[in-house]
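So you can see what is in the structure, the chains are spelled out below.
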Amino acid sequence: EGRPTVIDLLGRNAGYIYPVGRLDYDSEGLLLMTTDGELAERLTHPRHEVERVYEAIVAGNPDESAIDKLRRGVYIDGRRTSAAEIFRGQTVKSGSPTTKLTITLREGRSRQIRKMCLSVGHPVRSLTRISMRPLSLGRLKPGEWRELTPIELAALQDAATTGPARPRRDQESRAVRLASTQPSARTRGESPAKTESRLSDKVKPEDELLEDDELGA
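Residues numbered from 1 in each chain as written. Predicted model: local features only at pLDDT ≥ 70, side-chain atom pairs only at ≥ 80, totals over all residues. Heavy atoms only, no water.

Caption draft 1: Fine view of the side chain of S27. When you line up the elements, S27 lands in the loop between β1 (18–20) and β2 (28–29). A distance of 3.1 Å separates the side chain of S27 from the side chain of R114, its partner in a polar contact. (Helix = DSSP H or I, 4+ residues; strand = E, 2+ residues; numbered from the N terminus. Polar contact = N/O pair within 3.5 Å; in protein donor to acceptor, adjacent residues only side chain to side chain.)

Below is the structure:
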């Protein structure tokens, strides 16, 4: 549609990049990107239950009944959602009341958080992914990206591994990057030989890059 995408931030010399999941056009936050397709697949596979944490500003002041429904699971698109962790934060009552919810998911469906909150009568006004454990957005601003540290990469590989399928030694030295995608951010070209992953804070990937991961709740 002619809109800038996360790929525009990375430069055209970065090689083929896999976004790990997605964020929809109206959402923002952390996005991991990598040239390691196997790692991307493991991180998004439901059996690994990699946690995604979101901050949602919802309309109104959800009561305990609504919060409990979200925790236990609600029906969206004909299927019940898995159990979720919900923490209710402050309610701002000036004008139209809104409440901050911190939501942890271990599954990913298209626009899942938006549909969940709408089902209990509290539509989402804004949505930010703040963590894809063990990684967090930290101080990255919209349009910024950085490489992961070796310690972060090792922790990420552990999170994407179940049972005997341990990460290979040659993967441990691969570079990983975090990005926060907006067109105003500076970019730099990277060697295609490096494995890269990035987190993004305002990601608007093109349709062909989107996956079924919730990230655009």
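Next comes the rest of the write-up.
Caption draft 2: Quick look at unusual backbone geometry. Note the cis peptide between R133 and P134, where omega equals 15 degrees. Within the secondary structure layout, P134 lies in the loop between β9 (124–132) and β10 (135–136). Located in the positive-phi region is D77, a residue other than glycine, with phi close to 55 degrees. Position of D77 among the secondary structure elements: in the loop between β5 (75–76) and β6 (79–80). Non-glycine residue R111 carries a positive phi angle of around 55 degrees. With respect to the element layout, R111 can be found in the loop between β8 (98–105) and α4 (112–119).

Caption draft 3: Representation of the pairing of strand β3 (residues 31–34) within the structure. By the alternation rule, side chains of β3 split into L31 and M33 and L32 and T34, which are all buried. Bridge analysis of β1 against β3 gives three bridges, and the strand direction is antiparallel. In the sheet register, P19 faces β3, and the bridge partner there is M33. (Buried < 20%, exposed > 50% of the residue type's maximum accessible area, 1.4 Å probe, protein only. Pairing = 2+ DSSP bridges.)

Caption draft 4: Structural context of helix α2 (residues 37–44). Buried within α2 are the following residues: L39, A40, R42 and L43. Seen end-on, α2 carries its buried residues on one side only, within an arc spanning 165 degrees. Of the surrounding elements, those touching the buried residues of α2 are β1, β3, β4 (52–59), β9 and α5 (150–159). For α2, the N-terminal capping position is held by D36, with its side-chain oxygen 3.1 Å away from the main-chain nitrogen of E38. (Arc of directions from axis to C-beta. Contact = heavy atoms within 4.5 Å.)

Caption draft 5: Expanded view of the environment of I57. Looking at the element boundaries, I57 is found in strand β4. Residue I57 is classed as partly exposed on the basis of its relative accessible area, which comes to 24%. Here the alpha-carbon distance between I57 and T102, two residues 45 residues apart in the chain, equals 8.9 Å. Beyond its immediate chain neighbours, meaning those up to four positions away, I57 contacts T98, T99, K100, P123, V124, R125 and S126.

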